[in-house]
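Coordinate analysis (summary)
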Amino acid sequence: MPICHTCQGEYMRAESLCPHCQHPLGRGTTVCQHCKQPTDEHRLCPRCKRDVSAWEKELASTLGHFILRRWGVVGLLPSLGAIILWLTYWQKHQLSLHRPADTLLGIILSFFIFTMLYEDRLLMWERSWAAEVYNVAPTRPSRTIGVAIVGGLFLSFVLIYVNRHWGETGGFELKLLFALGYAAALICFTVACTMGVLMAEIGRLNQSMPQPLFVQIEHLLQVVLDTILEKIEGGHGEDILQRTHTADANLRYEILEVNRIPEDGGIRLLLLTYKHIQRPDEDAQMRAYWVKEVWNIDADRWGRVRSLKPGKSEAAESR
Ligand SMILES: [Zn+2]
Ligand SMILES: [Zn+2]
């Protein structure tokens, strides 16, 4: 099942909602069967009500697309440089510590790191938002780039120095160390270039994708409320402070307190519910009551309820 990266919730495509009337679109996705409006291929996540079509397009894009269409090729330039260096310099210096396998090893490891960083782009995007909302260490990609460049330059100077002094006489151990140093230097430059491109990618995601659920506390609260009201009543409740009462609503609620948990971005919620029940009174007549109950709720930053504890429920009050 696809995952909505706005709320990390799984959904079935047929469950996704019309962007105009929020009714499930079913199998047809171009025109909503309920409001008859064209969807322009936009569909909402049934859980967080944000566009999932944007995520589907994003996740369908390949590494090749990133390399060729989104400047990912910049991350491969150090490997290209290593090939040029091998063809133009190392081949003419046979009595050196460098072996052709060093270039190959460096390129393979660099490509592995390049792919890993690309795969982690959504994690970096999420982390950049998380650092703004709760107590999590920011990723600081510019610092990573700086450290990688300094590390790469330092290793390059060491390699040049070692090769100058022992290039003609170096034994197997020194050649092995040279190979590892060479690969490490190439990896450093690859990390610096790839992170530079990914910083631009994260900027693009910030512009074009819905924000993660935990960023807006109102949005997070709504997803948590939808989940718990369904647990309590099996349906959607009615906010007694914001909406007018209707006679057939079986559950009314009032939010008493909402607090962000600074350690992990989740929320703690104190909710008062009024549940409609029918029961006989002293004269054996069926009468309607509203049962008042207080709930302590704890949910994580993706709106997943971690605990739902009922407080004391009060004597039914007739209305
Ligand atoms: Zn519709
Ligand atoms: Zn969602």
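Note that this is a predicted model, so its numbers are computed, not measured.

**Re the overall build of the chain**
- A count of helices and strands for the chain gives eight helices and seven strands.
- For the chain, whose C-alpha radius of gyration is 29 Å, the value lies well above the compact-globule estimate of 20 Å for 319 residues.
- Projected onto its principal axes, the C-alpha positions of the chain cover 110 × 45 × 25 Å.
- A burial count over the chain gives 27% of its 319 residues as buried.
- For the chain, the proportion of contacts with a sequence separation of at least 24, taken over those separated by at least 6, is 59%.

**Here's the deal with the confidence of the model for the chain**
- When the pLDDT values of the chain are averaged, the result is 88; 92% of them are 70 or greater.
- Confidence drops under a pLDDT of 50 for residues 243-248, and excluding neighbours within four residues, the segment shows two contacts in the predicted structure.

**Here's the deal with the environment of His 5**
- Along the polypeptide, His 5 turns up in the loop between β1 (3-4) and β2 (9-10).
- When the 23 C-beta atoms within 10 Å are taken as the criterion, His 5 is described as buried.
- With sequence-adjacent residues up to four places away left out, His 5 is seen in contact with Trp 55 and Leu 122.

**Things to note about the nonpolar core**
- The biggest cluster of nonpolar side chains holds 24 residues, and the ones touching the most others in it are Ala 185, Leu 186, Cys 188, Phe 189, Val 191 and Ala 192.
- When contributions to this core are tallied by element, the ones reaching two or more residues are α4 (100-119), α6 (141-166) and α7 (172-208).
- Here this core takes 16 residues from α7, the largest share from any one element.
- In this structure Phe 189 touches Pro 78 and Gly 152, once residues within four positions along its chain are discounted.
- Of all hydrophobic cores here, the second largest spans 23 residues; its members include Cys 4, Leu 17, Leu 225 and Tyr 253.

**What about the environment of Pro 2?**
- Note that Pro 2 resides in the segment before β1.
- Once you skip the residues sitting within four places of it in the chain, Pro 2 turns out to touch Tyr 11, Arg 13 and Glu 56.

**Some details on the packing of helix α5 (residues 121-133) against α7**
- Where α5 contacts α7, the axes come no closer than 10 Å and their chain directions differ by 65 degrees. Relative to α7, the crossing made by α5 is right-handed. Within the contact between the two elements, α5 uses Arg 121, Met 124, Trp 125 and Ser 128 and α7 uses Leu 198, Glu 201, Ile 202 and Leu 205.
- A class-by-class count of the residues in the contact of α5 with α7 yields five nonpolar, one polar and two charged.

**Notes on the domain arrangement of the chain**
- The assigned domain composition of the chain is domain 1 (1-60), domain 2 (63-208) and domain 3 (216-318).
- Taken over C-alpha atoms, the centre of domain 1 sits 39 Å from the centre of domain 2.

**Let's talk about α5**
- Its 13 residues place the ends of α5 19 Å apart at the C-alpha level, agreeing with the 18 Å of an ideal helix rising 1.5 Å per residue.
- Along α5, the positions that sit buried rather than exposed are Trp 125, Trp 129 and Ala 130. Buried residues along α5 cover an arc of 135 degrees about the axis, so they all sit on one side.
- Summarising the contacts, the buried residues of α5 are in contact with α7.

**Some remarks on the pairing of strand β6 (residues 286-299)**
- When strand β5 (residues 267-280) meets β6, the two strands line up antiparallel, connected through 14 bridges. Looking at the pairing, Leu 270 lines up with Asn 296 of β6.
- Taken together, β5 and the strand that follows it, β6, pair antiparallel across an intervening segment of five residues, in which Ala 284 is found at a positive phi of about 60 degrees.

**Some details on unusual backbone geometry**
- A positive phi is found at Gln 8, a non-glycine position, where the angle reads about 60 degrees.
- The phi torsion at Lys 49 lies on the positive side, around 60 degrees, for a residue other than glycine.
- With respect to the helices and strands, Lys 49 occurs in the loop between β2 and α1 (53-60).
- For Lys 49, a count of 19 C-beta atoms within 10 Å puts it in the partly exposed group.

**Comments concerning the environment of Glu 10**
- Within the fold, Glu 10 resides in strand β2.
- Considered as a pair, Glu 10 and Cys 45 are 35 residues apart in the sequence and their alpha carbons are 9.0 Å apart.

**Thoughts on the packing of helix α3 (residues 77-88) against α7**
- At a minimum axis separation of 8 Å, α3 and α7 run at an interaxial angle of 145 degrees. Contacts between α3 and α7 involve Leu 77, Pro 78, Ser 79 and Ala 82 from the first element and Leu 186, Phe 189, Thr 190 and Cys 193 from the second.
- In terms of residue class, the contact of α3 with α7 is built from six nonpolar, two polar and no charged.

Thresholds, definitions, all that
- Residues numbered from 1 in each chain as written.
- Chains lettered and ligands numbered in written order.
- Predicted model: local features only at pLDDT ≥ 70, side-chain atom pairs only at ≥ 80, totals over all residues.
- Helix = DSSP H or I, 4+ residues; strand = E, 2+ residues; numbered from the N terminus.
- Rg over C-alpha atoms; globule rule 2.2 N^0.38 Å.
- Buried ≥ 20, exposed ≤ 12 C-beta atoms within 10 Å, placed from the backbone.
- Contact = placed C-beta atoms within 7 Å.
- pLDDT = per-residue confidence, 0-100.
- Core = buried A, V, L, I, M, F, W, Y, C linked by C-beta atoms within 7 Å.
- Axes fitted to C-alpha atoms, helices over the stretch in contact; angles between N-to-C directions.
- Left-handed = near helix turned anticlockwise from the far one by under 90°.
- Nonpolar A, V, L, I, M, F, W, Y, C, P; charged D, E, K, R; others polar.
- Domains from an automatic or database assignment.
- Expected span 1.5 Å × (residues − 1).
- Arc of directions from axis to C-beta.
- Pairing = 2+ DSSP bridges.

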